[in-house]
Every structure is written in structure tokens, then in C-alpha cells.
Amino acid sequence: MSRLPLFALVLGLGFAVGVSTPGAASAAAAAACDDESGLCVDSGDAKYSDGKQSTSKDRKKRSKKTAGTLSVSIDGGRGSVFVNGRFVGTAPVSGVEVPSGNNDIHVRDGETVLATGVLQVPKSADVSVTVRHG
Amino acid sequence: MRRLRSRSGPAGLRGAAATVALSLASFTAPAIAWGSVTTPLPLLVKKRKSKDGLTAEQAADRRMPLQEQGRQMVEAGEIPAAAILYDGAADTHGDPILYLDAGNAHIMLATEQRDIAEAETAKLRAQTAQDILYFHLDERSDPDYRLVTDGEISGLLMRAGQLIEAADALIAAIESEQVAPASEPAPAPDEKKTNGRGMRLAGAGLTGLGVAGLAVGVTGLVLGGVHQSSADDPAVYGNAFDEVDAKGRRSNVMAIVGLAVGGVALATGVTLIIVGKRRRATADASPVDEASDDEDFSMALVPTGRGLALTGRF
């Protein structure tokens, strides 16, 4: 009789593991970037325009008063992150202050450009993006 | 109204034409400059300088005292401190030359300490320097923020490539060094096998068998002697003689077999024990093993209530 609760516990644990594993797998799949541009916005409601470059008008509109933050991770490799023409760090980078508005973002690994375009950062937003390597 | 008219007159048209000309110049200038064609057109464009801009000369001035400090640390043998200094300065300024200096410091540490992690760090620093240098050649890099001159870039890229190659070679060398000692303990079981323990055990067994065989042989001899004296007795004849004769033959066989088998077994056993002892002496056994070997092997003939008993501990 005393073995019944133990059996139920083991059965329950097994069921929980069986149910949670596909969930974890799907979460990992969500973190991977499948976008053709090579850059996926994970959070922060930012918009990315692949291959574009900011205009002088965009540069004037950038506001540091309502600056947000940018976090960049690379899926499947390494690379360095450049924002508005300057080096900000080697991925993963997090909490990099970026002005709201259209910002040039460029991620590369040596000669290989992983992503380059314009990232529209909403006011005071914490933007997180994932760049696919290769 | 007059003013408006005069503005829209020939003078106004000239102004508009000049504006268009300047706009065209500013539009085409970067493309021409990118093609390395010397032209006076870029001179027409007034170069805009941002407030927080940096020239390659300013970057060199900022870098020089840090490099001097790092060099002194390396000369004094304080390579870890130099690596920390270069790492911090490179991250702060995003300077590719400081990243290469940091890579050099880490590879020195890796060579000295045979540390793969340090070699990998050196490689990462060189790769970061490569990223920044290649980006300097990209039109998207800030023209008002230059860390090195364009003329320096190819030499620095070569230096980064050499650093990466050196780091890879060092990692491979350290890995092969680490694999070799790891495979060394494998022969240990063989040493244990060849330390003569098995020989000593077999020798002890054969010695015991030999002693028993000799005892049987001696018994056979004694019984044979007794039966021989009975057979020599003239009073014994007929069936009694045949019976004594058969017993005497069996005793003789027992004596021959016992002495022969016992002798061979004893000789072999003693030989095995001696060889086993010698092997153990030459084997590189641990102190614990040696102590246990000294303690666990003993043989003795012990008198008991029923005779002699051969006892041994292995």
C-alpha cells in the first residue's frame, strides 16, 4: 500500500518531464532566428529594415532623452556589434544605450557581415535582437 | 513683392544652380573617394565634425601611455597585470590595436602556463580586432571616429591573422600534451599484472602440492619397505605372499609417483615464488602496494594435532 504514492509520484514526475521537454524545445526554437535578413527582434517592439542606412534626417531625429537599451545575441557563432558607425562590443552585448529613432546596426564576424540595416527603436524601449550566424 | 521678384530673377537662378552643383558634389564625393580617385570635388564639401569625434592621431595619443605601461609590466614579468590593463583599455576605447596587444599578453600567458583558456582568449581578442578593422573599411563606419589610419589597417589585419594562427597552434600543442599524460596511467594495470603476484600465488600452490606429493612418496617408500620385509619373510607364502606383493607394488607406485610429482611441483613452485619476488622488487609499485605485498605473503609449516600443515597468506 505504501508503494502506491511513490509509484504515483514517479509517474507524475515522468509525465511532467515528458510534457515540459517539448516546451523547452519550442522555446529554444523561438530563440533561434529564421528571418531572411539574419536579424530577429525578440522584444522591444523595434522594427528592423535590412540593408538600409539611416539618413541625415534620421540622425537629427534621434533622441538621447528618450534613449532605450539594446541587447544583441548571436545564434550559432561570434561577432562584433556596431551601432551608428561605432563599435559597442562583442556579442552578446546587453543594455547598450541607444537613442530612440532610427539607428544603424551592423554585426560582423571578421569579413563576414551577419546583419546590417536600420533598427527603429521606440522611445525608452528595451530592445533585444538575435542575429543568425552563417 | 519686389524682393520676391528679385529673388526669383536671374540671381535666384544662379543661387539655385549653385545649390544643385554643391548637392551633386556632396552626393558623388564619397563614391569617388571610395574609388581612390584623386579629385578636387571632395574639397567642395565641408566636412562635418561631430562633437565626440576622434581622429587616428588622437586615438594614437590616447593609446600610447597605455601601451608604455603595458610594456613595462611585461618587461617586469607582470604579464597577467598587462593582460588586464589591455583588456580593460581595449573594451573602454574599442581600439583594435589595444585588442591585439591584449591578445599578445594572453598568448604569452597561455605559453607560460600551458593554458588553453588563455590561448582561446587571445584568439577572441584578435578576432575582435579583425571585426573593428574590417568595419573601418566599411562605408557604414563613422568617418568622424577613426581609431587607426587607413594605411595601418592591412598591417594590423595581418598581425591579427598571425595571432589567431599562433593561438590555434598553441591550443593544438597544449591539447596533445594533455592527451599524452592522460594515456600514461593505462599501462598501470599491466604493471600490476606483471608485479609477480600471480606467479607467487601459483608458486605457493605448486609448492604445497609438491610438499604433499613428497609426503605421499615418502609414505609409499615406508610402506614399500614394510611390505618388502613381509615378502622376505619365509613364513609368508601362497595367497598371503601374493597379497603382500600386490601391496608392495602399490606402495612402490605411490612412492615413485609421489616423489616424482612432488619433486617437480616443489621445484616449479619454489622457482615461481623466487621469480615472482624478483618481479615485484623490480616493479614500480606504489608504497601502499609494497607494504601490502610485504605483509600479505608468508608461508609456514605448522604442527597441528594431526601432523604438519602448510599455511600461507597472500
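Residues numbered from 1 in each chain as written. Chains lettered and ligands numbered in written order. Predicted model: local features only at pLDDT ≥ 70, side-chain atom pairs only at ≥ 80, totals over all residues. Heavy atoms only, no water.

**Topic: the overall build of chain A**
- Counting secondary structure elements, chain A contains two helices and eight strands.
- When the helices and strands of chain A are listed from N to C terminus, the series reads α-β-β-α-β-β-β-β-β-β.
- Counting the 134 residues in chain A, one finds 40% classified as buried.
- For chain A, the proportion of contacts with a sequence separation of at least 24, taken over those separated by at least 6, is 65%.
- Looking at chain A as shown, the accessible area adds up to about 7700 Å², and 57% of this sits on carbon and sulfur atoms. (Helix = DSSP H or I, 4+ residues; strand = E, 2+ residues; numbered from the N terminus. Buried < 20%, exposed > 50% of the residue type's maximum accessible area, 1.4 Å probe, protein only. Contact = heavy atoms within 4.5 Å. Areas by Shrake-Rupley, 256 points an atom, 1.4 Å probe, with all protein chains shown as cover.)

**Remarks on the environment of K277 of chain B**
Residue and element names in this part refer to chain B.
- Relative to the assigned elements, K277 resides in helix α11 (residues 238–282).
- Relative accessible area serves as the criterion here: at 33%, K277 is assigned to the partly exposed category.
- Remark: the alpha-carbon pair of K277 and N195, spanning 82 residues in sequence, is separated by 8.3 Å.

**Some words on the pattern of salt bridges**
- On inspection of all chains with the given rule, the structure shows 15 salt bridges over all chains.
- Two residues, R62 of chain A and D104 of chain A, come together in a salt bridge whose shortest N-O distance is 3.6 Å. Within this pair, whereas R62 of chain A is found in the loop between α2 (56–61) and β3 (63–75), its partner D104 of chain A is found in strand β6 (residues 93–109), the two being separated by 42 residues in sequence. You'll find R62 of chain A and D104 of chain A in the same group, each marked buried.
- One salt bridge connects D52 of chain B with R86 of chain A, and the closest N-O pair in it is separated by 3.2 Å. With D52 of chain B in the loop between α3 (41–44) and α4 (56–75) and R86 of chain A in strand β5 (residues 86–90), this pair bridges two chains.
- On the accessibility criterion, D52 of chain B (46% relative accessible area) is partly exposed.
- Residue class for R86 of chain A comes out buried when judged on its relative accessible area of 18%.
- Via salt bridges that share partners, R78 and D109 of chain A together with D131 of chain B belong to a single interconnected network. (Salt bridge = Lys/Arg side-chain N within 4 Å of Asp/Glu carboxyl O.)

**Describing the packing of α4 of chain B against helix α6 (residues 96–113) of chain B**
All names here are of chain B.
- The interhelical angle for the contact between α4 and α6, taken along N-to-C directions, is 10°, at an axis separation of 11 Å. Taken together, α4 and α6 sit at an angle that is classed as roughly parallel. The segment α4 lies against α6, with R63, L66, Q67 and V74 engaging I97, L98, D101 and M108. (Axes fitted to C-alpha atoms, helices over the stretch in contact; angles between N-to-C directions. Parallel < 35°, antiparallel > 145°, perpendicular 65-115°, else oblique.)

**Quick word on the pairing of strand β8 (residues 126–132) of chain A**
All names here are of chain A.
- Note: strand β1 (residues 39–43) against β8, four bridges, orientation antiparallel. Bridge assignment links S43 to a residue of β8, and that residue is S128.
- Examined bridge by bridge, β3 and β8 share seven bridges and lie parallel to one another. What sits directly across from T69, in β8, is D126. (Pairing = 2+ DSSP bridges.)

**Quick word on the state of the cysteines**
Residues and elements named next belong to chain A.
- This structure, assessed with the given rule, holds one disulfide over all chains.
- The disulfide partner of C33 is C40, and the S-S distance across this bridge is 2.1 Å. One quick way to see it: the torsion about the S-S bond of C33 and C40 is about 80°, and its sign makes the bridge right-handed.
- Taking the relative accessible area as the measure of exposure, C33 reaches 1% and is therefore buried.
- C40 gets classed as buried once you look at its relative accessible area, which sits at 16%. (Disulfide = S-S within 2.5 Å.)

**Thoughts on the packing of helix α10 (residues 197–232) of chain B against α11 of chain B**
Residues and elements named next belong to chain B.
- Relative to each other, α10 and α11 sit at 160°, their axes nearing to 5 Å. When the axes of α10 and α11 are compared, the pair comes out roughly antiparallel. In the crossing of α10 with α11, the sense of the turn from one axis to the other is left-handed.
- Its residues assigned to classes, the contact of α10 with α11 shows 23 nonpolar, 19 polar and five charged. (Left-handed = near helix turned anticlockwise from the far one by under 90°. Nonpolar A, V, L, I, M, F, W, Y, C, P; charged D, E, K, R; others polar.)

**What to know about the environment of L54 of chain B**
Residues and elements named next belong to chain B.
- For L54, the location among the structural elements is in the loop between α3 and α4.
- For L54, a relative accessible area of 10% translates into the label buried.
- Along the primary structure L54 and D144 are separated by 90 residues, whereas in three dimensions their C-alpha atoms are 6.1 Å apart.
- If we ignore the near neighbours within four places in the chain, the residues touching L54 are A59, R62, D144, Y145, R146 and L147.

**Considering α4 of chain B**
All names here are of chain B.
- Relative to the 28 Å expected for 20 residues at 1.5 Å per residue, α4 spans 27 Å between its end C-alpha atoms, a close match to the ideal helical length.
- In the structure, α4 departs most strongly from a straight axis at R63, where the bend amounts to approximately 30° and where the proline P65 lies between one and four residues downstream.
- Considered for burial, the residues of α4 that qualify are A56, A59, R63, L66, Q67, G70 and M73.
- In the core, the buried residues of α4 are packed alongside α5 (79–93) and α6.
- Downstream of α4 by one or two residues, G77 has phi in the positive range, about 85°. (Expected span 1.5 Å × (residues − 1). Bend = angle between axes of the 7 residues up to and from the residue.)

**Quick word on unusual backbone geometry**
Residue and element names in this part refer to chain A.
- With an omega dihedral of 0°, the bond running from A91 to P92 counts as a cis peptide bond.
- Within the secondary structure, P92 is located in the loop between β5 and β6.
- Despite not being glycine, D45 has its phi angle at roughly 55°, a positive value.
- Mapped onto the fold, D45 is located in the loop between β1 and β2 (47–50).
- Residue D45 is classed as exposed on the basis of its relative accessible area, which comes to 71%.
- For N84, which is not a glycine, the phi torsion comes out positive at approximately 50°.
- The residue N84 is located in the loop between β4 (80–83) and β5 in this model.

**A look at the packing of aromatic side chains**
- The full count for this structure, using the stated rule, is three aromatic pairs over all chains.
- Residues F87 of chain A and Y99 of chain B carry aromatic rings whose centres are separated by 5.9 Å and whose planes lie at 85° to one another, so their mutual orientation is edge-to-face. Of this pair, F87 of chain A sits in strand β5 while Y99 of chain B sits in helix α6, on two different chains. Of the two residues examined, F87 of chain A and Y99 of chain B, each falls in the buried class.
- Among the aromatic residues, those joined into a cluster by ring pairs are F82 and F87 of chain A together with Y99 and F135 of chain B. (Phe/Tyr/Trp six-rings, centres within 6.5 Å; stacked < 30°, edge-to-face > 60°.)

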